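# A look at the structure
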Number of protein chains: 2
Amino acid sequence: MHDALRIDCDALTLFLTNMFRRLGMAVGNAEICADDIVLTNLWGIDSHGVLRLPIYAQRLRKNVIKGNPNIRLLADAGAMRILDGDAGMGFLVGHHAMSHAIELAERCGIGAVSVTNSNHFGAASLYTSQAARAGYMAIAMTNVQPNLVAPGGSRPITGNNPIAFGAPTRLGFPFLLDISMSTVAGGKLHLAIEKGERIPLGWATDGKGCPTEDPTAALEGYLLPLGGHKGFGLSLVVDLLCGVINGGAFQHQIRSMYAKPNDSSGTGHMMIALNPGLLLDENSYFDRMDQFYCTIKSSPLSNSDAKMYLPGEIEHETRERRRAEGIPLPSTLLEKINGLASQLNVAPLAATGRC
Amino acid sequence: MHDALRIDCDALTLFLTNMFRRLGMAVGNAEICADDIVLTNLWGIDSHGVLRLPIYAQRLRKNVIKGNPNIRLLADAGAMRILDGDAGMGFLVGHHAMSHAIELAERCGIGAVSVTNSNHFGAASLYTSQAARAGYMAIAMTNVQPNLVAPGGSRPITGNNPIAFGAPTRLGFPFLLDISMSTVAGGKLHLAIEKGERIPLGWATDGKGCPTEDPTAALEGYLLPLGGHKGFGLSLVVDLLCGVINGGAFQHQIRSMYAKPNDSSGTGHMMIALNPGLLLDENSYFDRMDQFYCTIKSSPLSNSDAKMYLPGEIEHETRERRRAEGIPLPSTLLEKINGLASQLNVAPLAATGRC
């Protein structure tokens, strides 16, 4: 990272809480959003961390997204509910929905909550981790505005709609899988341009929808789905569960927060929690998870210097390291958010050093 | 297909029903298995159709898999159940489990059934189609013996565990997505060898776990997961839901029906059904599905001669065509199953012509 500064995670949490308070949130809501953003940066998922504060702040100030949403129950069938997110901040709507799903799973073994009328909720694994901490397996997904072309298509018709999965373990971190339905994230195109490299066919198309190996042409074009029709199909499934069945927005009805900063996004989420203790007592479940992980950890690698990571282990290691050493933040980003802070009369965030 | 014959689908259904009857199944069970196999061939998924009859028959004759299983309820939490498949024929266990899931979804909005101690259940979309016919969205998955290496790994540790999704539509066919977690099916390696072509990196490894472009070397090696860590992670999720939480077999505990023909496979399945009518009446739901499909159908293609297919449309078109023209079967396969038929005193299956 060019010219990156180190930020203490507790200082960042306090700073963000103050920012969200000044942006009108009740203290509990401000804390939830601050904790989510900091955890995301601690995990190393910097694309969904404090980098998004400026757009969130812009939208909260204009009341395009609500910092204290009145989330309403639209339908309840015993183990499945539909909620209206009241155009709320996505973190708040997401955790609220997963809390409902956990409550249902506690009673019925499984619980599903589909939410309409929400906004960008950050990293999907925030919600599966919430469930895992409570002792539940979970699936979290969200639809986003179309940014993927179908294999052979020349215009985006579906989003790279992420799916996350979590499960409790005996280790210091839950099973954590958080994947979007594009082959790679858009950031990889920028990286290839920077390095002067070609990109593999299958990553992206040019502006006409033709698969390309030229990352500059790809920036004019669209991302391609993971594994062709497989990722394309999964992306459609996410949209059906997050936008079609709950009466909410789907496909082009969803508004990008960057392209349409003055409109609520209409984003939908689906949260599913499952009780892993239906048949197994806690010890047997954890023993089985240990055994499951042991197979992965003890599997030989083709490059003997490499290390086999468990799902969530990289995020865990990054979190431990960043807790100790600080979160790296580009100096330009720090400048930008401190500019915002000064407008809101919040004390500026200070770096503890350089990376 | 070399030297393929045409088989009338009704004749095939009758033939298979008779075969399964002679193999000891009650008539209802024989009909379910026959219908499933014929439907799979009608869809064009020939890898999971009548091609598998010889191994099913071998295992039924030895009572390794039970043709009339006594499927038992192990746990029930209201909207989630765990079943023991009693080493039954996978089709029977699969439909039984999905019936439970539908019943639960009818009452609670969502229903989940995890089954242990089953066997190869054919195409996962058989079960999501069952749910879609009953008016439910559904997810079906199964674990299989490890045949995938992790990215960087040199030994298989997880299966290409398929996931299917289905949803009702107003069209003549449901939404149908049925994908395995390998980049491609093993059959594509054979095809590349036949054509004398190289394969893309990312399809498979050689025997040492190194990614290869040589399809012959790949036959000695292993399949690679869809999209690297993404497909690998999804495959682990399937195994957690089908094998870990239900107290059943997972990872290397699952026995391939080809490598271990005399052992029940211990396969697990997970069936989830969701009621799309929680909030929407039937008309609104179907209107929204129409709109969803319209976006896909009207999307421009980069090659204007190509056609955009909806999920399930290729299977539907193939089904209509094969219903009229017959199902193509290699003559060697027909010979083989007629050999089995003669041992079981079943009248041989006659072709209606050549392809």
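As shown above, the structure is provided for reference.
Described in the following lines is the structure provided in the data block. (Residues numbered from 1 in each chain as written. Chains lettered and ligands numbered in written order. Predicted model: local features only at pLDDT ≥ 70, side-chain atom pairs only at ≥ 80, totals over all residues. Heavy atoms only, no water.)

## Quick notes on the interface of chain A and chain B
Bring the parts together and some accessible area is lost; that lost area is often taken as the interface size. Counting residues at the interface gives 73 residues for chain A, matched by 73 residues for chain B. Carbon and sulfur atoms supply 76% of the area buried between chain A and chain B, which totals about 6,000 Å² over both sides. A per-residue breakdown of the area chain A buries against chain B is headed by Lys230, Arg288 and Phe292 of chain A, which together make up 11% of the total. Between the two partners, chain A and chain B, sit zero salt bridges. Where chain A meets chain B, there are 22 residue pairs in polar contact (both at pLDDT 80 or more). The element that contributes the greatest number of residues to the side of chain A that touches chain B is helix α8 (residues 229-244) of chain A, accounting for 11 residues. (Contact = heavy atoms within 4.5 Å. Buried area = accessible area lost by both parts, 1.4 Å probe. Salt bridge = Lys/Arg side-chain N within 4 Å of Asp/Glu carboxyl O. Polar contact = N/O pair within 3.5 Å; in protein donor to acceptor, adjacent residues only side chain to side chain. Helix = DSSP H or I, 4+ residues; strand = E, 2+ residues; numbered from the N terminus.)

## Concerning the pattern of salt bridges
Pairs can form between side chains of opposite charge once their charged atoms are near each other. Summed over the entire model, instances satisfying the criterion amount to 24 salt bridges over all chains. In this structure, Asp287 of chain A engages Arg170 of chain A in a salt bridge whose closest nitrogen and oxygen atoms are separated by 3.0 Å. One end of the pair, Asp287 of chain A, is in helix α9 (residues 282-297); the other, Arg170 of chain A, is in the loop between β6 (163-167) and β7 (175-179), with 117 residues separating them in the sequence. For Asp287 of chain A, a relative accessible area of 42% translates into the label partly exposed. Notably, a salt bridge pairs Arg322 of chain B with Asp46 of chain B, separated by 2.8 Å at the nearest N-O pair. (Buried < 20%, exposed > 50% of the residue type's maximum accessible area, 1.4 Å probe, protein only.)

## Quick word on the sheet that holds strand β3 (residues 80-84) of chain B
Reading across the sheet, the seven strands line up as β2-β3-β4-β8-β5-β6-β7 (chain B) and stay open at both edges, with mixed pairing between neighbours. The open sheet terminates on both sides in strands that have one partner only, identified here as β2 (72-76) and β7 (175-179) of chain B. Averaged over neighbouring strand pairs, the angle between their axes works out to 15 degrees when direction is ignored. Across six bridges, the pairing between strand β5 (residues 137-142) of chain B and strand β8 (residues 267-274) of chain B is antiparallel. The residue bridging Ile139 of chain B from the neighbouring strand is Ile272 of chain B, located in β8 of chain B. Contacting β5, β6 (163-167), β7 and β8 of chain B, α8 of chain A runs over the sheet at an angle of about 135 degrees to β7 of chain B. (Pairing = 2+ DSSP bridges. Axes fitted to C-alpha atoms, helices over the stretch in contact; angles between N-to-C directions.)

## Quick look at the pairing of strand β3 (residues 80-84) of chain A
Residue and element names in this part refer to chain A. Among the five residues of β3, five are classified as buried, and the element is accordingly described as predominantly covered. A two-sided burial pattern is seen for β3, the buried positions comprising Met80, Ile82 and Asp84 on one face and Arg81 and Leu83 on the other. The pairing of strand β2 (residues 72-76) with β3 spans four bridges and is antiparallel. From the neighbouring strand, Leu73 faces β3, where its bridge partner is Leu83. Two successive antiparallel strands, β2 and β3, enclose a turn made up of three residues, where Gly78 displays a positive phi of approximately 105 degrees. In this structure, β3 lies alongside strand β4 (residues 110-118), joined through five bridges in parallel fashion. Following the sheet pairing, Leu83 is matched in β4 by Val115. With helix α4 (residues 90-108) bridging β3 and its parallel neighbour β4, the resulting β-α-β unit is right-handed. (Right-handed = clockwise from strand over helix to strand, strands pointing away.)

## Details of the packing of aromatic side chains
Residues and elements named next belong to chain B. Counted according to the given criterion, the structure contains 12 aromatic pairs over all chains. Seen from their ring centres, Tyr56 and Phe91 are 5.6 Å apart, and the 75 degrees between their planes marks the pair as edge-to-face. Placement of Tyr56 in helix α3 (residues 53-61) and of Phe91 in helix α4 (residues 90-108) is noted, with a sequence separation of 35 residues between them. What makes Tyr56 buried here is its relative accessible area of 1%. The class for Phe91 is buried, based on a relative accessible area of 0%. (Phe/Tyr/Trp six-rings, centres within 6.5 Å; stacked < 30°, edge-to-face > 60°.)

## Quick notes on the side chain of Ser118 of chain A
All names here are of chain A. Mapped onto the fold, Ser118 is located in strand β4. Ser118 sits in the buried class, given a relative accessible area of 0%. Ignoring anything within four residues of it in the chain, the contact list for Ser118 reads Gly88, Gly90, Val93, Ser264, Ser265, Gly266, Thr267 and His269.

## Notes on the nonpolar core
Core analysis: the largest hydrophobic core is formed by 111 residues, its most contacted members being Phe165 and Met270 of chain A together with Phe165 and Met270 of chain B. For Phe165 of chain A, the residues in contact, after removing those within four places along its chain, are Thr128, Met137, Ala138, Ile139, Phe175, Leu176 and Leu177 of chain A together with Val237, Leu240 and Leu241 of chain B. (Core = buried A, V, L, I, M, F, W, Y, C linked by side-chain atoms within 4.5 Å.)

## What about the relation of the copies chain A and chain B?
Its rotation angle being 180 degrees, the transformation that places chain A on chain B also includes 0.0 Å of axial translation and leaves an RMSD of 0.0 Å. Such a combination of turn and shift is consistent with a two-fold rotation axis. Of the residues that chain A buries at the interface, 100% are likewise interface residues in chain B, meaning the two copies contact each other through the same surface. (Least-squares fit on C-alpha atoms with pLDDT ≥ 70 in both.)

## What to know about helix α3 (residues 53-61) of chain A
All names here are of chain A. Burial analysis of α3 places seven of its nine residues in the buried class, the great majority of the element. Here α3 has its buried residues at Leu53, Pro54, Ile55, Tyr56, Ala57, Arg59 and Leu60. Contacts from the buried residues of α3 go to α1 (9-22), α2 (27-43), α4 and α11 (331-343). Just downstream of α3, Asn63 is the residue with a positive phi angle, here 60 degrees.

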